[in-house]
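Geometric and topological summary
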Amino acid sequence: MKPSLPQGTRDFSAEVVRKRNYIFETIRNVFELYGFQPLETPAMENLDTLMGKYGEEGDKLIFKILNNGLERPEKHAMAKADFEKVLDGKNTKGITERALRYDLTIPFARFVAMNHGQLSMPFKRYQVQPVWRADRPQKGRYREFYQCDADVVGSNSLLNEVELANIYATVFKKLGIQVEIKINSRKILTALAEVCGGPEQVINITVAIDKLDKIGMDKVKEELATRGLNIEQVSIIEKYLSISGDNQEKLDQLSALLGANAQGNQGREELRYVLDYCQQSSFICDLSIDFTLARGLNYYTGIIFEVKAGNVQMGSIGGGGRYDDLTGLFGVPNIPGVGISFGVDRIYDVMEELRLFPGTVQSGTKVLFFNLGAEESKRAYSLMQQLREKGIATELFHDQAKFDKQFKYAEKKSIPYAVMLGGQELLDNTCNVKNLQTGEQQTIAQQDLPGFLS
RNA sequence: GAGGGUGUAGCUCAGUUGGUUAGAGCGACAGUUUGUGGCACUGUAGGUCGUGGGUUCGAGACCCAUCAUUCUCCCCA
């Protein structure tokens with residue numbers, strides 16, 4: 001058979017793994033620096049934990065796992081009946097009761113709902129694990145990819161939003177990626193809906209305005225009209241979408257447009273609070289208000305974030321926001337939270353495209369001992385172990401072979417030093433150390449080798 | 001869910017209006033007389049042209065189907 005990979009999945013070579021780890025470590029370190037603690041959850045969840053949490057589209061993209069044991073004869077009648085339901089587009093526990101994780105937020109909410117008694121609030125966790133989506137793969141879109149999430153639950157304080165915004169700024173600064181961190185509030189979108197036909201319009205409105213930069217103002221207006229908004233309401237939304245200027249100007253214009261709407265005032269005050277805080281914080285955390293930002297997930301209720309990379313064509317590389325009642329879905333009400341997510345695979349693609357990985361990321365074997373005979377390699381082996389004890393990655397060539405071959409092996413693995421210890425050196429208790437980049441070679445005492453290379 | 005592109009050696013790709021035995025570069029392996037690499041030179045291996053049908057005297061090329069892959073839309077990280 002011809003081996004192949006499931007669609008949308010990838011193998012990662014040593015070079016790629018090292019680059020990915022560089023991103024993971026950068027993000028993890030910043031999370032830790034801000035007091036977040038790690039959590040891991042299973043790759044699979046019960047299907048009903050996930051269903052209905054990501055909207056209608058999201059449900060379709062959940063990878064479902066077929067139950068085991070359906071072939072057992074005593075289950076045939078039931079299994080056939082259940083399969084009929086599946087053919088009608090319904091899910092049934094008889095066929096599938098588990099599914100692969102779709103994101104990290106809902107499993108976290110499940111975890112909090114199960115353990116809230118033991119957790120000291122506010123509880124800050126981060127999580128770095130793969131998620132799976134039965135989506136059609138394309139550029140920057142995979143079926144298996146990693147998310148790095150940081151969430152705080154059990155606190156309404158906007159200080160959390162400030163912290164998370166600063167985490168975004170810090171991580172992308174460390175990685176050297178120029179980004180635009182966009183911020184908005186769901187409350188402002190709610191207020192807009194209240195002014196334009198009532199709260200039940202909020203989904204219709206957000207779906208439409210989210211498309212603004214893709215389909216343009218005219219098409220958005222068209223779509224709003226077909227979704228039941230009258231001319232006056234459409235014109236308010238047009239004014240809303242036309243708001244421009246710096247953050248302060250945008251807030252002022254919004255104020256004029258929405259007037260005394262309570263939700264609107266609250267959303268505006270929250271934005272102002274976060275922006276003020278970030279402005280006076282000691283490092284650069286450049287947030288820009290984007291009133292067209294909506295975010296697809298419908299559990300967000302307050303401030304929302306999205307991160308776009310500059311100078312490159314790529315979907316968002318991070319997103320998040322506040323949700324007032326995520327655990328309510330699991331029977332534990334009144335635990336508010338806010339969180340952000342990093343899309344590592346897209347960050348990788350961006351960094352690769354812009355050549356942002358530092359050369360130091362690749363560090364494999366540092367020293368190769370040449371194999372020049374039985375006695376020689378025995379001595380080399382004991383020297384090698386001394387180097388390894390000092391934390392220096394070292395290899396001994398597997399066979400006695402021509403110099404040519406051993407040099408080429410070192411070169412292919414980009415090993416910077418070769419140590420040659422032959423018959424003469426065996427007698428002298430010396431060895432020849434060659435720097436393979438410069439070609440310089442020197443003879444030193446064997447006992448000095450660990451010190452020389454560290 | 002809707003619509004395009006592409007499938008030829010391990011990799012990147014040539015292959016003329018359909019015409020004999022399908023090519024190149026890179027890579028791999030071996031060697032250029034057995035203790036100093038990168039360069040160069042020589043040689044070797046490796047392809048049922050994604051798969052199955054069809055048209056034709058003749059198909060890698062044309063037609064149909066199928067599978068894989070990739071991109072766009074929807075949605076998303």
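About the thresholds
Residues numbered from 1 in each chain as written. Chains lettered and ligands numbered in written order. Predicted model: local features only at pLDDT ≥ 70, side-chain atom pairs only at ≥ 80, totals over all residues. Heavy atoms only, no water. Patch = residues over 30% accessible without salt bridge, like charges linked within 9 Å, V, L, I, M, F, W, Y side chains within 5 Å. Areas by Shrake-Rupley, 256 points an atom, 1.4 Å probe, with all protein chains shown as cover. Salt bridge = Lys/Arg side-chain N within 4 Å of Asp/Glu carboxyl O. Helix = DSSP H or I, 4+ residues; strand = E, 2+ residues; numbered from the N terminus. Buried < 20%, exposed > 50% of the residue type's maximum accessible area, 1.4 Å probe, protein only. pLDDT = per-residue confidence, 0-100. Contact = heavy atoms within 4.5 Å. Near = heavy atom within 4 Å. Polar contact = N/O pair within 3.5 Å; in protein donor to acceptor, adjacent residues only side chain to side chain. Phe/Tyr/Trp six-rings, centres within 6.5 Å; stacked < 30°, edge-to-face > 60°. Lys NZ or Arg CZ within 6 Å of the ring centre and 35° of its normal. Pairing = 2+ DSSP bridges.

**Describing a nonpolar patch on the surface**
Taken together, the side chains of Leu66, Phe83 and Val86 define a hydrophobic patch exposed on the protein surface, amounting to about 240 Å² of accessible area. By the element assignment, leucine 66 lies in the loop between strand S3 (64-65) and helix H4 (76-87). Looking at leucine 66, the relative accessible area reads 51%, which means it is exposed.

**Re the pattern of salt bridges**
One pass over the structure, following the stated rule, counts 18 salt bridges. Here aspartate 82 makes a salt bridge to lysine 85, at a shortest N to O gap of 3.7 Å. Note that aspartate 82 and lysine 85 are positioned in helix H4 at a spacing of three residues, about one turn of the helix. Taking the relative accessible area as the measure of exposure, lysine 85 reaches 40% and is therefore partly exposed. What you see here is one network of salt bridges that share partners, running through Arg10, Arg20 and Asp345.

**Concerning the confidence of the model for chain A**
Within chain A, residue pLDDT values average 87, and 98% of them lie at 70 or more. In the predicted assembly, ipTM is 0.82 and pTM is 0.86.

**As for the environment of leucine 387**
By secondary structure assignment, the location of leucine 387 is in helix H14 (residues 374-389). C-alpha of leucine 387 to C-alpha of glycine 364: the two residues are 23 residues apart in sequence and 14 Å apart in space. Aside from chain neighbours lying at most four places away, what touches leucine 387 is Val367, Phe369, Ile392, Thr394, Leu449, Pro450 and Leu453.

**Things to note about the protein's contact with RNA strand B**
Near RNA strand B you find 37 residues, and of these Arg133, Arg141, Ser316, Arg346 and Lys405 are the closest. Take the atoms of RNA strand B that sit within 4 Å of the protein: sugar and phosphate atoms are 47% of them. A distance of 2.9 Å separates a base oxygen of RNA strand B from a polar atom in the backbone of glycine 423. Within the side chain of glutamine 441, one N or O atom sits 3.0 Å away from a base nitrogen of RNA strand B. Going through the elements one at a time, strand S6 (144-153), helix H15 (403-412), helix H16 (423-428) and strand S15 (430-435) are the ones with two or more residues in the surface near RNA strand B. It is H15 that provides the largest number of residues to the surface near RNA strand B, a total of six residues.

**Remarks on the environment of lysine 64**
Inspection of the secondary structure puts lysine 64 in strand S3. Owing to a relative accessible area of 32%, lysine 64 belongs among the partly exposed residues under this scheme. Along the chain, lysine 64 and glutamine 233 lie 169 residues apart, while their C-alpha atoms are 42 Å from each other. With sequence-adjacent residues up to four places away left out, lysine 64 is seen in contact with Leu47, Asp59, Asn91, Thr96, Arg98 and Ala99.

**Side note on the packing of aromatic side chains**
If you walk through the whole model with that rule in mind, you get 21 aromatic pairs. Ring geometry for tyrosine 54 against tyrosine 102: centres 4.2 Å apart, planes inclined by 40 degrees, an arrangement best described as tilted. Note that tyrosine 54 is positioned in the loop between helix H2 (47-50) and helix H3 (55-60) and tyrosine 102 in the loop between strand S4 (98-100) and helix H5 (105-115), a separation of 48 residues in sequence. There is no split in this pair, since tyrosine 54 and tyrosine 102 are both buried. A cation over a ring is seen here: arginine 20 above phenylalanine 12, with NZ or CZ 3.9 Å from the ring centre. Above the plane of the ring of phenylalanine 108 lies arginine 125, whose end atom (NZ or CZ) is 4.0 Å from the centre.

**Here's the deal with the pairing of strand S11 (residues 337-343)**
Within S11, seven of the seven residues are buried, which leaves the element mostly enclosed by the surrounding structure. Every second residue of S11 is oriented toward a common face, with Gly337, Gly339, Ser341 and Gly343 on one face and Val338, Ile340 and Phe342 on the other, all of them buried. Where S6 lies against S11, seven bridges are found, and the strand directions are antiparallel. The partner of alanine 150 across the bridge, within S11, is isoleucine 340. One ladder, built from six bridges, connects strand S10 (residues 318-323) with S11; its direction is antiparallel. By the bridge assignment, tyrosine 323 is partnered in S11 with glycine 337.

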